[in-house]
Structures are given as structure tokens and as C-alpha cells.
Amino acid sequence: SAVTVRTDLRSLAAKGMLLRTRGSAVVAYHPLLLEKQASNPTAKEAIAKAAATLVSDGDRLMITNGTTSALIARYLLGKRDLQVVTSSTLLIPYARTNTNMSMTIVGGEFRPSAEALVGPNAIRQLQEYHVAIAFTGTDGFTLEHGLTTHLVENAEIVRKMCAQAVKKVLVADSSKYGKQGFVRIFPMSEIDVLITDKALPAEAVQRLTDMGIQVMIAD
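Residues numbered from 1 in each chain as written. Predicted model: local features only at pLDDT ≥ 70, side-chain atom pairs only at ≥ 80, totals over all residues. Heavy atoms only, no water.

Draft legend 1. Spatial organisation of the sheet that holds strand 9 (residues 140-142). The antiparallel open sheet is built from 3 strands, whose spatial order is 9-10-12. Sheet topology places strand 9 and strand 12 (183-186) at the edges, where each strand pairs with a single neighbour. Between one strand axis and the next, the sheet turns through 35 degrees on average, direction left out of account. When strand 9 meets strand 10 (residues 146-149), the two strands line up antiparallel, connected through 3 bridges. Pairing of Thr-142 across the sheet is with Gly-146, part of strand 10. Relative to strand 12, helix 6 (residues 152-163) is tilted by about 0 degrees, and along the sheet it contacts strand 10 and strand 12. (Pairing = 2+ DSSP bridges. Helix = DSSP H or I, 4+ residues; strand = E, 2+ residues; numbered from the N terminus. Axes fitted to C-alpha atoms, helices over the stretch in contact; angles between N-to-C directions. Contact = heavy atoms within 4.5 Å.)

Given below as C-alpha cells:
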């Protein structure tokens, strides 16, 4: 009914997913981002939930942009005294609702396709912080070429965030395995923990484990 439609549109607009105009509504996010969000949503939720279990009260974290890494903030509710540094605008709604989480968003050039802030200003600000854990996503990863991305500036942000962290955690569903993006971020040996889903081939799990990487399979 018309009443239901209007109610749903108001709800989606309140969540920042739509922009309402007179007589219509438009999607608030870039089409490429929406495509990524729609890919393997169940696996991404499980991975993000598993990632949140690595976080303790009082931790200082960095979270890169990405549709999987952004979901981690959803599952930090209940943790206390958290400080999160991020370049992702997708985390903002979670900062609004989680009073136990303080968030620092580095400045820079906004990239709508990634909902991220990038560039020299962001890099300079990131080097001022040191954290316990950096959570990062990727557009693809292989044992031979490591983590890769399609956006040059994003590779720079991920490198800097991970350089400022004691532990580096890759959150990536199995569909990213074997894919190679345009820009190399760094080799797999830089990662301490990989959180993925059960569809990752057993051979890959074994080879990653042999490299000293802890592989967590999210249920």
C-alpha cells in the first residue's frame, strides 16, 4: 500500500540508504559500491562478526574501507572504551549508535565508489596513530601476488594503516581468493590473520597456515 511504501522509504532514508525527493527517492550510494554490498552478504556478515571477537575492551583499532570491513563496527556493540580510526564513511552510522566507540575519520579526497577518504592528507594523519589491530579488506588476494586493489590511492591507505598496527587482519570472503586487482598492496606474508568463509579451498588454507598466517573460518 502507499502507506507501507512511504513508511519503508522513510526508514531507508533515516538509515542513509536513500535520498528522498518530491514524489520519488534515489539510492544514496555509488552503483559499484551497491554491487559489492550485494555480493556474498551472508559470508560478509559472518566474517565481520568473527572479526569483532578479536577486539577487547579498551582496544585501539584501524578499519580500512570495504564492504566487509565496514560491517565489523556493527558487531562492536557491547565492547567498551573503543577508539576506531578509519577512512571509511560507511562506519559513520555505527558511530552514531554505539556510545562506547569513539571514531576518528581521517580527512582526504572523497571517493564515492569506495565510500572512502584517500590521498596525502589521509596518509599524513594516519601516521600519527598507533593501534592494536588493523582490519583490512581487499579486492582480491593470491598466494603469489598478495593483496590487491583496483584503486591506487586505496593501496596507499591500506599500507599505512597496517604499518601503524601491531596485528594485521584481512577480512575477505572466499570469492576474493585467486583474483588479482590492478594495484598490489603487499604480500600475504604481511598478514597475521585471515578471516574468511568455509568455501576457501583446503589447499589454500594449508598453504596460508604454512606461511604462519592464522586462518579463521567464519560460520
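Let's pick the thread back up.
Draft legend 2. The sheet that holds strand 13 (residues 193-197), seen in detail. Spatial ordering of the open sheet is given by 5-4-3-8-11-13-14, a layout of 7 strands whose pairing is parallel. Lying at the two open borders of the sheet, with one neighbouring strand each, are strand 5 (101-105) and strand 14 (214-218). Ignoring strand direction, the axes of neighbouring strands in this sheet form an average angle of 20 degrees. Bridge count for strand 11 (residues 165-171) against strand 13 is 3 bridges, and the pairing is parallel. Note on strand 13: the bridge partner recorded for Val-169 is Val-193. The strands that helix 3 (residues 41-52) touches are strand 8 (131-136), strand 11, strand 13 and strand 14; relative to strand 13, the one it contacts most, it runs at about 145 degrees.

Draft legend 3. The arrangement of the packing of aromatic side chains in detail. Under the defined criterion, the tally for this structure stands at 1 aromatic pair. Centre to centre, the rings of Phe-141 and Tyr-177 are 5.5 Å apart; their planes meet at 55 degrees, and the pair counts as tilted. In this pair, Phe-141 is assigned in strand 9 and Tyr-177 in the loop between strand 11 and strand 12, connecting sequence segments 36 residues apart. Judged by its relative accessible area of 0%, Phe-141 is buried. (Phe/Tyr/Trp six-rings, centres within 6.5 Å; stacked < 30°, edge-to-face > 60°. Buried < 20%, exposed > 50% of the residue type's maximum accessible area, 1.4 Å probe, protein only.)

Draft legend 4. Structural context of the pattern of salt bridges. Taken as a whole and judged by the stated rule, the model has 4 salt bridges. One salt bridge connects Glu-45 with Arg-74, and the closest N-O pair in it is separated by 2.5 Å. Of this pair, Glu-45 sits in helix 3 while Arg-74 sits in the loop between strand 3 (60-63) and strand 4 (82-86), placing them 29 residues apart in sequence. Residues Asp-81 and Arg-60 are paired through a salt bridge, measuring 3.7 Å at the closest nitrogen-oxygen approach. Of this pair, Asp-81 sits in the loop between strand 3 and strand 4 while Arg-60 sits in strand 3, and the two are 21 residues apart along the sequence. (Salt bridge = Lys/Arg side-chain N within 4 Å of Asp/Glu carboxyl O.)

Draft legend 5. Structural detail: the side chain of Thr-89. One can find Thr-89 in the loop between strand 4 and helix 4 (92-97). One polar contact links Thr-89 to Glu-115, side chain to side chain, over a distance of 2.4 Å. Those residues within four positions of Thr-89 in sequence are excluded, and the remaining contacts are Phe-110, Glu-115 and Ala-116. (Polar contact = N/O pair within 3.5 Å; in protein donor to acceptor, adjacent residues only side chain to side chain.)

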